[in-house]
Amino acid sequence: MNKKKTRKRILIFGIIIIGSIFFGFLGFLYPPIPTKWNKDPYCIDLYELYNGANIVENEQIVINQEISDYNYNESIDLLSIVFRDDFYDIQIIIQFHNWSGHEKFNITNIKIGNIYCIKGISLLNSEGVVIGLDIMEIHSIRTIILSLGGLVIIIPLIFYYFKIDFKKLKLIHNSPKKSNRGS
């Protein structure tokens, strides 16, 4: 490989890396404003929920987060789930009223450290909490196992159809072998 091509590839790679860092830095300085499409709920993370509390006040939201802590008060039948982000020092409480009376909620076993998808109504400015409407556990272990199973299938297929040229660091298509019948 000649030096011009090598320099060109390094330059392109450097531009991509610098551009990624720049846009990541801009996203950190100017976080995106929560938006929604039609009548769908806002799909936001904990940081966006905290910063955009004025925008999403009294609106439906969907949040995917790992549960940091929870508390169930039997006397008033209230489940309080705590989401915490230590990097931004944010803590938000989601409350589910009438937890044991709902047929779907009472069979859900809440586990600290698991990731849950929660739909609720944001009342952070008025009441300081999010009122939970629906909850679903996201089974990340199953997803990882299925992904690893897919890799076990895909990687041998790639090597069946391609071979690696280590000198040029690229994949080369294996041409089908021609038979010598008839010659």
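Residues numbered from 1 in each chain as written. Predicted model: local features only at pLDDT ≥ 70, side-chain atom pairs only at ≥ 80, totals over all residues. Heavy atoms only, no water.

## Some points on the overall build of the chain
And then number 1: Scanning the chain from terminus to terminus reveals 3 helices and 9 strands.
And then number 2: If you list the helices and strands of the chain from N to C, you get α-β-α-β-β-β-β-β-β-α-β-β.
And then number 3: Counting only C-alpha atoms and orienting by the principal axes, one finds that the chain spans roughly 85 × 45 × 35 Å.
And then number 4: The buried share of the chain, taken over its 183 residues, is 23%.
And then number 5: Taking the intrachain contacts of the chain between residues at least 6 apart in sequence as the baseline, contacts between residues at least 24 apart amount to 41%.
And then number 6: Of the roughly 14100 Å² that the chain leaves accessible, carbon and sulfur atoms contribute 60%. (Helix = DSSP H or I, 4+ residues; strand = E, 2+ residues; numbered from the N terminus. Buried < 20%, exposed > 50% of the residue type's maximum accessible area, 1.4 Å probe, protein only. Contact = heavy atoms within 4.5 Å. Areas by Shrake-Rupley, 256 points an atom, 1.4 Å probe, with all protein chains shown as cover.)

## Considerations on the sheet that holds strand β1 (residues 42-43)
And then number 1: Ordered in space as β1-β2-β6-β7-β5-β4-β3, the 7 strands form an open sheet in which the pairing is mixed. Either end of the sheet is taken by a strand with one partner, and the two such strands are β1 and β3 (69-73). (Pairing = 2+ DSSP bridges.)

## Notes on the pairing of strand β5 (residues 90-97)
And then number 1: With 8 bridges joining them, strand β4 (residues 78-85) and β5 adopt antiparallel strand pairing. The residue of β5 that forms the bridge with Leu79 is Phe96.
And then number 2: In sequence, β4 turns back onto β5 through a hairpin of 4 residues, with Asp89 there showing a positive phi of about 55°.
And then number 3: Where β5 meets strand β7 (residues 129-138), 2 bridges bridge the pair, whose relative direction is parallel. Counted as the bridge partner of Ile94 is Val130 from β7.

## Concerning the packing of aromatic side chains
And then number 1: Enumeration according to the criterion identifies 5 aromatic pairs in this entry.
And then number 2: Chaining the aromatic ring pairs together yields one cluster made of Tyr47, Phe87 and Tyr88. (Phe/Tyr/Trp six-rings, centres within 6.5 Å; stacked < 30°, edge-to-face > 60°.)

## Examining a positive patch on the surface
And then number 1: On the surface, a cluster of positive charge is made up of Lys5, Lys8, Arg9, Lys168 and Lys170.
And then number 2: For the positive patch, the element with the highest residue contribution is helix α1 (residues 3-29), accounting for 3 residues.
And then number 3: With respect to the element layout, Lys5 can be found in helix α1. (Patch = residues over 30% accessible without salt bridge, like charges linked within 9 Å, V, L, I, M, F, W, Y side chains within 5 Å. Salt bridge = Lys/Arg side-chain N within 4 Å of Asp/Glu carboxyl O. Lys, Arg positive; Asp, Glu negative; His and termini not counted. Charge placed at Lys NZ, Arg CZ, Asp CG, Glu CD.)

## Details of the side chain of Asp77
And then number 1: Position of Asp77 relative to the elements: it lies in the loop between β3 and β4.
And then number 2: Look at Asp77 and you get buried, because its relative accessible area is 12%.
And then number 3: At a separation of 2.9 Å, a polar atom in the side chain of Asp77 contacts the side chain of Ser100.
And then number 4: With sequence-adjacent residues up to four places away left out, Asp77 is seen in contact with Tyr72, Phe96, His97, Asn98, Trp99, Ser100 and Gly101. (Polar contact = N/O pair within 3.5 Å; in protein donor to acceptor, adjacent residues only side chain to side chain.)

## So, the confidence of the model for the chain
And then number 1: The share of residues in the chain with pLDDT of 70 or more is 92%, and the mean pLDDT across the chain is 85.
And then number 2: Here strand β9 (residues 170-173) stands out as the element of the chain with the lowest mean pLDDT, 82, in contrast to β5, whose mean of 92 is the highest. (pLDDT = per-residue confidence, 0-100.)

## Observations concerning the pairing of strand β2 (residues 60-66)
And then number 1: The pairing of β1 with β2 spans 2 bridges and is classified as parallel. When the bridges of β2 are listed, Tyr42 appears paired with Ile61.
And then number 2: On the question of chirality, the crossover connecting β1 to the parallel β2 by way of helix α2 (residues 46-51) is right-handed. (Right-handed = clockwise from strand over helix to strand, strands pointing away.)

## Some details on the environment of Ile44
And then number 1: Examined against the element boundaries, Ile44 turns out to sit in the loop between β1 and α2.
And then number 2: According to the relative accessible area criterion, Ile44 is buried, its value standing at 6%.
And then number 3: Beyond its immediate stretch of four places on either side in the chain, Ile44 contacts Pro34, Leu49, Val56, Ile61, Val62, Ile63 and Asn64.

## As for the nonpolar core
In a soluble, globular protein the nonpolar side chains are often hidden away together inside.
And then number 1: By size, the foremost hydrophobic cluster in this structure holds 23 residues, and its most contacted members are Leu49, Ile81, Phe83, Phe96, Ile110, Ile118 and Ile135.
And then number 2: Those elements giving two or more residues to this core turn out to be α2, β2, β4, β5, β6 (115-123) and β7.
And then number 3: If near-sequence neighbours (up to four positions away) are discounted, Ile81 is found in contact with Ile67, Asp69, Tyr70, Ile92, Ile93, Ile94, Phe96, Ile110, Ile118 and Ile135. (Core = buried A, V, L, I, M, F, W, Y, C linked by side-chain atoms within 4.5 Å.)

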